[in-house]
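Topology and contacts: notes
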Amino acid sequence: MREVDLRSDTVTHPSPEMRRAMAEAELGDDVFGDDPTLNRLEAMAAERLGKEAAVFVASGTMGNLISILTHAGRGDEIIIGDKAHIFRSEAGGASALGGVAYNTLPNDNRGMLDLDQLEAAIKPPNVHFTRTAMIGLENTHNACGGAPLTADDTATVADIAHRHGVPLHVDGARIFNASVALETPVTELVKDADSVSFCLSKGLSCPIGSVVCGTEEFVQGARKWRKMVGGGMRQVGVIAAAGIVALDNMVERLNDDHATARRLAQGLAQIPGIDINPEALPTNLVFFKITGGDPALIMEEINRNGVKGGAAYGDWRFVTHYGIDSDDIDYALDVMDAACRKYATA
Ligand SMILES: *Cc1c(COP(=O)(O)O)cnc(C)c1O
């Protein structure tokens, strides 16, 4: 049976070229700064994002956490969207480990913040108030349909942040998806951000890893926090080697994932009992609702037939990636169509 795993782009496996690079990587002890392959990846990442420096981390969650800990201290707050991954899906790390409070503002359907609300939310210095120590954006915005924010979106938020002396962090887990979707260089998308994290382990198909970029001073601070949370790794070139291949060869192909996502969305729109707007599809995340039957039963049925994904209630999200080709999309659509018909409620 064919298996089509649409749960996430995190399920991607390294390409054959990545595996070769990993096997042959030159290594050293990175805590001593000695791993030449990792040093090369960090230099490359900083250059690609147009920042002074970069630090490799185990995960996107670790990247965001150490960025927050570098910008903010105990009793400070960060302002982020109420649908931000940092707020909803990172286990409250900044608050549990850093004593940092989350001040959330409503995200609109593209993942943007309202500029007036943002301006009003930044705390003036006052003994009663938390200090606003960071503002966060997410690009592309996972929970807002995978929408990309433009360079202008980021600039308007950065303007407000910087006018108040507050740094802007961009959670750019899928920033390269935003870049290819908008046909805008990544450097443009993050030029006004003081720090930015991106994932190698999602659409870029590396087995492990994220990178945090910013000024020399910021990255120095982040390295110390990384050590404190147990993220100082040793012969890490074995995984950094895959990251170098990813930055060289896996970015442009994200266009393919966006094309398969579009085909998937158009096909789903033809299936009775599925509520989807195939126009509202900016990148590789396909969100829809099951309205014509019990989603739990439909999910079980598609899973039995090798299509992984679905949810027992709430929105469904299918994600396209390096492991999904157009035959997989055809198969997934056939399985979805059959399952929706089988469990259709009149
Ligand atoms: C996946 C993701 C992360 C975290 O990445 P992990 O590597 O899973 O910890 C952070 N932000 C966004 C927007 C993500 O989609």
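Structure shown above.
Nothing here was measured: the structure is a model prediction, and the numbers come from that model. (Residues numbered from 1 in each chain as written. Predicted model: local features only at pLDDT ≥ 70, side-chain atom pairs only at ≥ 80, totals over all residues. Heavy atoms only, no water.)

Re the nonpolar core
This is how the line gets drawn: Note on terminology: a nonpolar core comprises buried Ala, Val, Leu, Ile, Met, Phe, Trp, Tyr and Cys residues joined through side-chain atoms within 4.5 Å. Exposure categories follow from relative accessible area, calculated using a 1.4 Å probe and restricted to protein chains: below 20% of the type maximum is buried, above 50% is exposed, and the middle band is partly exposed. Only DSSP runs of H or I covering at least 4 residues are called helices, and only runs of E covering at least 2 are called strands; the numbering of each starts at the N terminus. Contact between two residues is taken to exist if any of their heavy atoms lie within 4.5 Å; hydrogens are not considered.
With 57 residues, the main nonpolar core has Phe56, Ile135, Phe176, Phe198, Leu200 and Leu204 as its most contacted residues. With eight residues, the single largest contributor to this core is helix H11 (residues 237-249). Look past the residues within four positions of Phe198 in its chain and what remains in contact with it is Ala45, Leu49, Gly172, Ala173, Ile175, Phe176, Ser210, Val211, Cys213 and Leu247.

Description of the site of the ligand
Test applied: Proximity is defined per residue: if any heavy atom of the residue lies within 4 Å of a molecule or strand, that residue is considered near it. We call two N or O atoms a polar contact when they sit within 3.5 Å, provided that within protein one can donate a hydrogen and the other can accept it, with sequence-adjacent residues counted only if both atoms are side-chain atoms. Reported accessibility uses the Shrake-Rupley method at a 1.4 Å probe radius. Residues are deemed covered only where the shown protein chains occlude them. Charged means Asp, Glu, Lys or Arg here, nonpolar means Ala, Val, Leu, Ile, Met, Phe, Trp, Tyr, Cys or Pro, and polar covers whatever is left, Gly included.
The full set close to the ligand counts 13 residues, and Gly60, Thr61, Asp171, Arg174 and Lys202 are the nearest of them. In this structure, Thr61 approaches the ligand through a side-chain N or O atom, which is 2.6 Å from an oxygen atom. Here the ligand has 380 Å² of accessible area as a free molecule, and 86% of this is covered by the chains. Top element by residues in the shell around the ligand is helix H3 (residues 60-71). It accounts for three residues. In terms of residue class, the shell around the ligand is built from two nonpolar, six polar and five charged.

Overview of the sheet that holds strand E2 (residues 53-57)
What counts here: DSSP bridges decide pairing: two strands pair if at least two such bridges lie between them. Axes, fitted as lines to C-alpha atoms, cover a helix only where it is in contact. Angles between the N-to-C directions of the axes lie from 0 to 180 degrees.
Ordered in space as E2-E8-E7-E6-E5-E3-E4, the seven strands form an open sheet in which the pairing is mixed. Of all strands in the sheet, those with a lone pairing partner are E2 and strand E4 (101-105), marking the two edges. Strand after strand, the sheet turns through a mean of 20 degrees between neighbouring axes, direction not considered. As defined by bridge partners, E2 adjoins strand E8 (residues 210-214) across five bridges and the pair is classed as antiparallel. Residue pairing for E8: Phe56 is matched across the bridge by Val211. Relative to E2, helix H2 (residues 36-49) is tilted by about 125 degrees, and along the sheet it contacts E2, strand E7 (195-199) and E8. Running over the sheet, helix H10 (residues 216-228) touches E2, E7 and E8 and is turned about 20 degrees from E2.

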